[in-house]
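Chain residues, written in single-letter form:
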Amino acid sequence: MDKAREVARCETVDDVLALLDDRDGWAEPWQTFFADILDASGLSYARFAARCGLSKNTVKRWRLEGGAPKSRDTYIKVGFGAAMPPQAVSDMLSRYGGYCGLNPRDAFDACCVFCLQRRAQGQMQYDYAAADALYRRLLADPPPSGPSSLTTTHLMARLSAVDTEQELSAFLQTFGAELTGRKQKLERYLEEYLTVHQLEAARDGGGSVHSLGLPPWAEKHLSMLRCHGVVPRRRSLTALGLHLNMTLAELDVLLQYAGMEPLRARDRLECVLIYALQQLTLTHPELALGNATALLAVTRDARTRQRCTDLAREYWQAGYRSEAGDVESVADYVRRVLEQMELDEAGELLSLL
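In this text, all values refer to a predicted model and were calculated from it rather than measured experimentally. (Residues numbered from 1 in each chain as written. Predicted model: local features only at pLDDT ≥ 70, side-chain atom pairs only at ≥ 80, totals over all residues. Heavy atoms only, no water.)

Now for the overall build of the chain. Broken down by element type, the chain carries 21 helices and zero strands. Out of the 353 residues in the chain, the part that is buried amounts to 48%. Within the chain, residue pairs in contact and separated by at least 24 positions form 67% of the contacts whose partners lie at least 6 positions apart. (Helix = DSSP H or I, 4+ residues; strand = E, 2+ residues; numbered from the N terminus. Buried < 20%, exposed > 50% of the residue type's maximum accessible area, 1.4 Å probe, protein only. Contact = heavy atoms within 4.5 Å.)

Listed below in C-alpha coordinates is the structure:
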(Lines give C-alpha, C1' and ligand atoms only; values in the text may rest on other atoms or scores of the structure.)
Protein backbone atom coordinates (compact mmCIF):
# COMPACT_ATOMS: atom_id res chain seq x y z
CA MET A 1 0.00 0.00 0.00
CA ASP A 2 1.40 3.43 -0.91
CA LYS A 3 1.90 6.13 1.70
CA ALA A 4 -1.01 8.29 0.51
CA ARG A 5 -3.49 5.45 1.08
CA GLU A 6 -1.90 4.60 4.43
CA VAL A 7 -2.24 8.22 5.59
CA ALA A 8 -5.88 8.31 4.49
CA ARG A 9 -6.58 5.28 6.72
CA CYS A 10 -5.11 6.91 9.84
CA GLU A 11 -7.77 7.89 12.35
CA THR A 12 -5.70 8.92 15.36
CA VAL A 13 -2.34 10.45 16.20
CA ASP A 14 -1.19 7.01 17.35
CA ASP A 15 -1.98 5.62 13.90
CA VAL A 16 0.25 8.27 12.30
CA LEU A 17 3.05 7.67 14.81
CA ALA A 18 2.94 3.95 14.03
CA LEU A 19 3.11 4.77 10.33
CA LEU A 20 6.11 7.02 10.88
CA ASP A 21 7.90 4.25 12.81
CA ASP A 22 7.79 2.11 9.68
CA ARG A 23 10.96 3.33 7.96
CA ASP A 24 10.17 1.85 4.55
CA GLY A 25 8.88 3.95 1.68
CA TRP A 26 9.91 7.42 2.86
CA ALA A 27 11.51 9.95 0.53
CA GLU A 28 15.29 9.75 0.39
CA PRO A 29 17.22 12.61 2.01
CA TRP A 30 19.42 15.01 0.05
CA GLN A 31 22.58 13.23 1.21
CA THR A 32 21.45 9.94 -0.39
CA PHE A 33 20.31 11.67 -3.59
CA PHE A 34 23.53 13.64 -3.88
CA ALA A 35 25.68 10.57 -3.20
CA ASP A 36 23.98 8.82 -6.12
CA ILE A 37 24.66 11.81 -8.40
CA LEU A 38 28.30 12.02 -7.35
CA ASP A 39 28.92 8.28 -7.65
CA ALA A 40 27.25 8.17 -11.08
CA SER A 41 29.54 10.95 -12.33
CA GLY A 42 32.65 8.91 -11.54
CA LEU A 43 34.44 12.14 -10.62
CA SER A 44 36.50 13.05 -7.58
CA TYR A 45 35.22 15.61 -5.09
CA ALA A 46 37.50 18.24 -6.58
CA ARG A 47 36.54 17.61 -10.22
CA PHE A 48 32.80 17.45 -9.52
CA ALA A 49 33.02 20.60 -7.41
CA ALA A 50 34.83 22.37 -10.26
CA ARG A 51 32.06 21.41 -12.69
CA CYS A 52 29.48 22.83 -10.31
CA GLY A 53 31.44 25.98 -9.51
CA LEU A 54 31.48 25.00 -5.81
CA SER A 55 34.20 24.23 -3.29
CA LYS A 56 35.60 20.74 -2.81
CA ASN A 57 34.86 20.91 0.93
CA THR A 58 31.19 21.68 0.30
CA VAL A 59 30.77 18.70 -2.02
CA LYS A 60 32.64 16.41 0.37
CA ARG A 61 30.55 17.55 3.33
CA TRP A 62 27.26 16.85 1.52
CA ARG A 63 28.50 13.38 0.60
CA LEU A 64 29.89 12.34 3.97
CA GLU A 65 28.19 14.44 6.64
CA GLY A 66 24.88 15.56 5.20
CA GLY A 67 23.61 19.10 4.93
CA ALA A 68 22.18 20.58 1.75
CA PRO A 69 22.50 23.62 -0.53
CA LYS A 70 21.39 26.89 1.07
CA SER A 71 20.13 28.61 -2.08
CA ARG A 72 18.18 27.86 -5.23
CA ASP A 73 21.15 28.84 -7.40
CA THR A 74 23.34 26.23 -5.66
CA TYR A 75 20.90 23.46 -6.55
CA ILE A 76 20.96 24.66 -10.16
CA LYS A 77 24.78 24.59 -10.08
CA VAL A 78 24.63 20.95 -8.98
CA GLY A 79 22.34 20.27 -11.92
CA PHE A 80 24.89 21.78 -14.28
CA GLY A 81 27.72 19.85 -12.64
CA ALA A 82 25.84 16.57 -13.13
CA ALA A 83 24.71 17.54 -16.67
CA MET A 84 21.09 16.96 -15.67
CA PRO A 85 18.30 17.81 -18.15
CA PRO A 86 16.02 20.74 -17.24
CA GLN A 87 13.11 18.63 -15.96
CA ALA A 88 15.41 16.70 -13.63
CA VAL A 89 16.74 19.98 -12.25
CA SER A 90 13.17 21.23 -11.74
CA ASP A 91 12.29 18.05 -9.85
CA MET A 92 15.41 18.40 -7.69
CA LEU A 93 14.60 22.04 -6.88
CA SER A 94 11.10 21.15 -5.76
CA ARG A 95 11.72 17.85 -3.99
CA TYR A 96 14.94 18.59 -2.13
CA GLY A 97 15.19 22.37 -1.99
CA GLY A 98 11.57 23.33 -1.57
CA TYR A 99 11.94 25.85 -4.40
CA CYS A 100 9.85 26.34 -7.53
CA GLY A 101 11.08 24.49 -10.60
CA LEU A 102 12.65 26.12 -13.63
CA ASN A 103 10.14 28.51 -15.15
CA PRO A 104 10.32 29.89 -18.72
CA ARG A 105 8.64 33.09 -17.48
CA ASP A 106 11.81 33.88 -15.55
CA ALA A 107 14.39 35.08 -18.06
CA PHE A 108 17.33 33.66 -16.06
CA ASP A 109 15.57 30.31 -15.75
CA ALA A 110 14.97 30.38 -19.51
CA CYS A 111 18.72 30.77 -20.07
CA CYS A 112 19.37 27.90 -17.64
CA VAL A 113 16.91 25.67 -19.50
CA PHE A 114 18.65 26.46 -22.78
CA CYS A 115 22.13 25.76 -21.37
CA LEU A 116 21.10 22.65 -19.44
CA GLN A 117 19.65 21.16 -22.61
CA ARG A 118 22.92 21.80 -24.46
CA ARG A 119 25.02 20.44 -21.58
CA ALA A 120 22.92 17.27 -21.24
CA GLN A 121 23.66 16.68 -24.94
CA GLY A 122 27.41 16.80 -24.28
CA GLN A 123 28.17 20.46 -24.96
CA MET A 124 30.02 20.93 -21.66
CA GLN A 125 30.90 24.57 -22.33
CA TYR A 126 27.31 25.44 -21.37
CA ASP A 127 27.81 25.57 -17.59
CA TYR A 128 26.19 27.76 -14.93
CA ALA A 129 28.59 30.62 -15.63
CA ALA A 130 27.67 30.44 -19.32
CA ALA A 131 23.96 30.63 -18.43
CA ASP A 132 24.59 33.68 -16.24
CA ALA A 133 26.67 35.38 -18.93
CA LEU A 134 24.04 34.59 -21.57
CA TYR A 135 21.33 36.06 -19.36
CA ARG A 136 23.26 39.29 -18.81
CA ARG A 137 24.10 39.63 -22.49
CA LEU A 138 20.65 38.93 -23.90
CA LEU A 139 18.86 41.17 -21.43
CA ALA A 140 21.06 44.21 -21.96
CA ASP A 141 17.99 45.69 -23.62
CA PRO A 142 14.96 44.90 -21.41
CA PRO A 143 12.13 43.13 -23.24
CA PRO A 144 8.77 44.89 -23.58
CA SER A 145 6.26 44.57 -20.77
CA GLY A 146 2.63 43.67 -20.99
CA PRO A 147 -0.04 41.15 -19.96
CA SER A 148 0.60 37.40 -20.22
CA SER A 149 -1.56 35.35 -22.59
CA LEU A 150 0.34 32.05 -22.96
CA THR A 151 0.43 29.23 -20.45
CA THR A 152 3.69 28.26 -18.77
CA THR A 153 3.48 24.83 -20.44
CA HIS A 154 3.18 26.50 -23.85
CA LEU A 155 6.13 28.75 -23.14
CA MET A 156 8.27 25.82 -21.98
CA ALA A 157 7.45 23.93 -25.18
CA ARG A 158 8.50 26.95 -27.24
CA LEU A 159 11.69 27.30 -25.21
CA SER A 160 12.55 23.59 -25.53
CA ALA A 161 12.49 23.96 -29.30
CA VAL A 162 15.16 26.68 -29.24
CA ASP A 163 18.44 25.44 -30.76
CA THR A 164 20.81 28.43 -30.88
CA GLU A 165 21.68 31.49 -28.83
CA GLN A 166 20.25 33.64 -31.60
CA GLU A 167 16.94 31.78 -31.34
CA LEU A 168 17.03 32.18 -27.56
CA SER A 169 17.51 35.91 -27.99
CA ALA A 170 14.54 35.99 -30.35
CA PHE A 171 12.50 33.98 -27.82
CA LEU A 172 13.24 36.46 -25.05
CA GLN A 173 12.33 39.39 -27.25
CA THR A 174 9.23 37.81 -28.79
CA PHE A 175 7.82 36.69 -25.47
CA GLY A 176 9.15 39.55 -23.40
CA ALA A 177 5.65 40.50 -22.33
CA GLU A 178 5.06 36.92 -21.19
CA LEU A 179 8.34 36.75 -19.28
CA THR A 180 7.42 39.75 -17.15
CA GLY A 181 4.33 37.99 -15.80
CA ARG A 182 6.24 35.97 -13.21
CA LYS A 183 4.15 33.76 -10.91
CA GLN A 184 0.95 35.57 -11.80
CA LYS A 185 -1.28 32.64 -10.81
CA LEU A 186 0.44 32.25 -7.46
CA GLU A 187 0.27 35.95 -6.67
CA ARG A 188 -3.36 36.21 -7.75
CA TYR A 189 -4.31 33.14 -5.70
CA LEU A 190 -2.70 34.57 -2.57
CA GLU A 191 -4.21 37.99 -3.18
CA GLU A 192 -7.67 36.43 -3.30
CA TYR A 193 -7.20 34.84 0.10
CA LEU A 194 -5.78 38.07 1.50
CA THR A 195 -8.80 39.94 0.15
CA VAL A 196 -11.14 37.47 1.86
CA HIS A 197 -9.35 37.94 5.19
CA GLN A 198 -9.21 41.72 4.76
CA LEU A 199 -12.98 41.85 4.19
CA GLU A 200 -13.47 39.82 7.36
CA ALA A 201 -11.10 42.09 9.27
CA ALA A 202 -12.87 45.19 7.96
CA ARG A 203 -16.01 44.11 9.79
CA ASP A 204 -13.99 44.29 13.00
CA GLY A 205 -12.42 47.65 12.23
CA GLY A 206 -9.32 46.39 10.38
CA GLY A 207 -8.83 45.81 6.69
CA SER A 208 -5.16 46.33 5.88
CA VAL A 209 -2.80 43.43 5.29
CA HIS A 210 -0.93 44.45 8.44
CA SER A 211 -4.14 44.22 10.47
CA LEU A 212 -4.50 40.52 9.58
CA GLY A 213 -1.90 39.61 12.17
CA LEU A 214 0.33 37.68 9.80
CA PRO A 215 3.88 37.08 11.06
CA PRO A 216 6.47 39.66 9.88
CA TRP A 217 8.22 37.01 7.76
CA ALA A 218 4.94 36.37 5.90
CA GLU A 219 4.46 40.05 5.06
CA LYS A 220 8.06 40.19 3.84
CA HIS A 221 7.57 37.17 1.55
CA LEU A 222 4.37 38.64 0.14
CA SER A 223 6.18 41.90 -0.59
CA MET A 224 9.07 40.08 -2.29
CA LEU A 225 6.62 38.14 -4.45
CA ARG A 226 4.70 41.24 -5.48
CA CYS A 227 7.69 43.50 -6.12
CA HIS A 228 10.36 41.09 -7.37
CA GLY A 229 8.62 37.85 -8.31
CA VAL A 230 10.53 35.94 -5.58
CA VAL A 231 8.61 32.80 -4.63
CA PRO A 232 8.87 31.68 -0.97
CA ARG A 233 10.51 28.34 -0.27
CA ARG A 234 8.27 25.33 0.21
CA ARG A 235 8.13 25.38 4.02
CA SER A 236 7.48 29.14 4.14
CA LEU A 237 4.82 28.92 1.43
CA THR A 238 3.15 26.03 3.25
CA ALA A 239 3.15 27.97 6.51
CA LEU A 240 1.70 31.02 4.74
CA GLY A 241 -1.13 28.90 3.36
CA LEU A 242 -1.85 27.55 6.85
CA HIS A 243 -1.93 31.09 8.28
CA LEU A 244 -4.51 31.92 5.59
CA ASN A 245 -6.63 28.95 6.77
CA MET A 246 -6.19 26.90 3.61
CA THR A 247 -7.44 23.33 3.58
CA LEU A 248 -5.45 20.41 2.13
CA ALA A 249 -6.90 20.81 -1.36
CA GLU A 250 -6.34 24.58 -1.34
CA LEU A 251 -2.78 24.21 -0.07
CA ASP A 252 -1.99 21.74 -2.87
CA VAL A 253 -3.25 24.28 -5.42
CA LEU A 254 -1.03 26.94 -3.82
CA LEU A 255 2.06 24.72 -4.13
CA GLN A 256 1.23 23.79 -7.72
CA TYR A 257 0.89 27.46 -8.70
CA ALA A 258 4.39 27.94 -7.24
CA GLY A 259 5.72 25.21 -9.53
CA MET A 260 6.02 22.70 -6.68
CA GLU A 261 4.58 19.26 -6.03
CA PRO A 262 1.47 18.94 -3.83
CA LEU A 263 2.06 17.80 -0.26
CA ARG A 264 3.88 14.47 -0.45
CA ALA A 265 2.79 11.50 1.61
CA ARG A 266 6.30 10.02 1.31
CA ASP A 267 7.79 13.00 3.16
CA ARG A 268 7.54 12.38 6.93
CA LEU A 269 6.63 15.96 7.88
CA GLU A 270 4.21 16.41 4.99
CA CYS A 271 2.65 13.06 5.80
CA VAL A 272 1.68 14.50 9.20
CA LEU A 273 0.39 17.69 7.55
CA ILE A 274 -1.80 15.63 5.23
CA TYR A 275 -3.20 13.69 8.19
CA ALA A 276 -3.85 16.84 10.23
CA LEU A 277 -5.58 18.66 7.38
CA GLN A 278 -7.65 15.61 6.45
CA GLN A 279 -8.84 15.27 10.04
CA LEU A 280 -9.62 18.98 10.19
CA THR A 281 -11.70 18.77 7.01
CA LEU A 282 -13.62 15.79 8.40
CA THR A 283 -14.38 17.37 11.77
CA HIS A 284 -14.84 20.96 10.57
CA PRO A 285 -16.21 20.97 7.01
CA GLU A 286 -17.35 24.56 7.53
CA LEU A 287 -13.75 25.67 6.94
CA ALA A 288 -13.67 24.44 3.35
CA LEU A 289 -17.24 25.62 2.72
CA GLY A 290 -16.49 29.04 4.19
CA ASN A 291 -13.37 29.45 2.06
CA ALA A 292 -15.25 28.40 -1.08
CA THR A 293 -18.17 30.77 -0.62
CA ALA A 294 -15.87 33.66 0.36
CA LEU A 295 -13.62 33.13 -2.67
CA LEU A 296 -16.61 33.03 -4.99
CA ALA A 297 -17.32 36.62 -3.96
CA VAL A 298 -13.86 37.90 -4.91
CA THR A 299 -12.26 35.66 -7.55
CA ARG A 300 -12.35 36.25 -11.29
CA ASP A 301 -10.44 33.09 -12.13
CA ALA A 302 -12.70 30.60 -13.94
CA ARG A 303 -10.95 27.51 -12.54
CA THR A 304 -11.13 28.80 -8.97
CA ARG A 305 -14.81 29.67 -9.39
CA GLN A 306 -15.59 26.21 -10.75
CA ARG A 307 -13.64 24.49 -7.99
CA CYS A 308 -15.39 26.54 -5.30
CA THR A 309 -18.82 26.03 -6.87
CA ASP A 310 -18.33 22.26 -7.04
CA LEU A 311 -17.14 22.09 -3.43
CA ALA A 312 -19.97 24.25 -2.13
CA ARG A 313 -22.54 22.16 -4.02
CA GLU A 314 -21.04 18.95 -2.61
CA TYR A 315 -21.13 20.23 0.97
CA TRP A 316 -24.65 21.61 0.74
CA GLN A 317 -26.06 18.47 -0.87
CA ALA A 318 -24.32 16.17 1.60
CA GLY A 319 -25.39 18.26 4.56
CA TYR A 320 -22.03 18.00 6.32
CA ARG A 321 -22.05 19.15 9.92
CA SER A 322 -19.15 20.16 12.14
CA GLU A 323 -18.22 18.60 15.44
CA ALA A 324 -18.60 20.69 18.56
CA GLY A 325 -16.09 23.48 19.12
CA ASP A 326 -14.67 26.09 16.83
CA VAL A 327 -11.21 26.11 15.27
CA GLU A 328 -9.40 29.39 15.90
CA SER A 329 -7.07 28.93 12.91
CA VAL A 330 -5.68 26.17 10.73
CA ALA A 331 -2.13 27.20 11.64
CA ASP A 332 -2.83 26.81 15.38
CA TYR A 333 -4.47 23.43 14.84
CA VAL A 334 -1.54 22.10 12.80
CA ARG A 335 0.94 23.49 15.32
CA ARG A 336 -0.75 21.60 18.16
CA VAL A 337 -0.68 18.34 16.17
CA LEU A 338 3.02 18.76 15.36
CA GLU A 339 3.86 19.58 18.97
CA GLN A 340 1.95 16.53 20.15
CA MET A 341 3.91 14.25 17.82
CA GLU A 342 7.31 15.74 18.72
CA LEU A 343 8.51 15.19 15.15
CA ASP A 344 12.20 15.97 14.63
CA GLU A 345 11.57 17.24 11.09
CA ALA A 346 8.98 19.78 12.24
CA GLY A 347 11.33 22.37 13.75
CA GLU A 348 11.47 24.77 10.80
CA LEU A 349 7.73 24.69 10.14
CA LEU A 350 6.87 25.10 13.82
CA SER A 351 9.04 28.23 13.96
CA LEU A 352 6.84 29.68 11.20
CA LEU A 353 3.54 28.83 12.85
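Having seen the structure, we can now continue with the description.
All right, on to unusual backbone geometry then. Glycine aside, residues mostly have negative phi angles, and peptide bonds mostly take the trans form. Positive phi, normally seen in glycine, also occurs at A83, with a value near 55 degrees. Note on placement: A83 falls in the loop between α6 (72-81) and α7 (86-97). Here N245, not a glycine, exhibits a phi torsion of approximately 65 degrees, which is positive. Mapped onto the fold, N245 is located in the loop between α15 (234-243) and α16 (248-257).

Take the pattern of salt bridges next. Inspection of every chain in the model, using the stated rule, returns 13 salt bridges. When the shortest N-O distance is used, the salt bridge between D301 and R188 registers 3.5 Å. Placement of the pair is D301 in the loop between α18 (286-296) and α19 (302-318) and R188 in helix α13 (residues 184-202), with a sequence separation of 113 residues. Judged by relative accessible area, R188 falls into the partly exposed class, the value being 38%. (Salt bridge = Lys/Arg side-chain N within 4 Å of Asp/Glu carboxyl O.)

Before going further, it helps to spend a moment on the packing of α6 against helix α8 (residues 107-120). Where α6 meets α8, the closest approach of the two axes is 10 Å, and the angle between their N-to-C directions is 20 degrees. Judged on the interaxial angle alone, α8 and α6 are roughly parallel. For the pair α6 and α8, the crossing hand works out as left-handed. On the side of α6, the interface is formed by R72, D73, I76, G79, F80 and G81, while α8 contributes F108, D109, C112, C115, L116 and R119. In the contact of α6 with α8, the residues fall into six nonpolar, two polar and four charged. (Axes fitted to C-alpha atoms, helices over the stretch in contact; angles between N-to-C directions. Parallel < 35°, antiparallel > 145°, perpendicular 65-115°, else oblique. Left-handed = near helix turned anticlockwise from the far one by under 90°. Nonpolar A, V, L, I, M, F, W, Y, C, P; charged D, E, K, R; others polar.)

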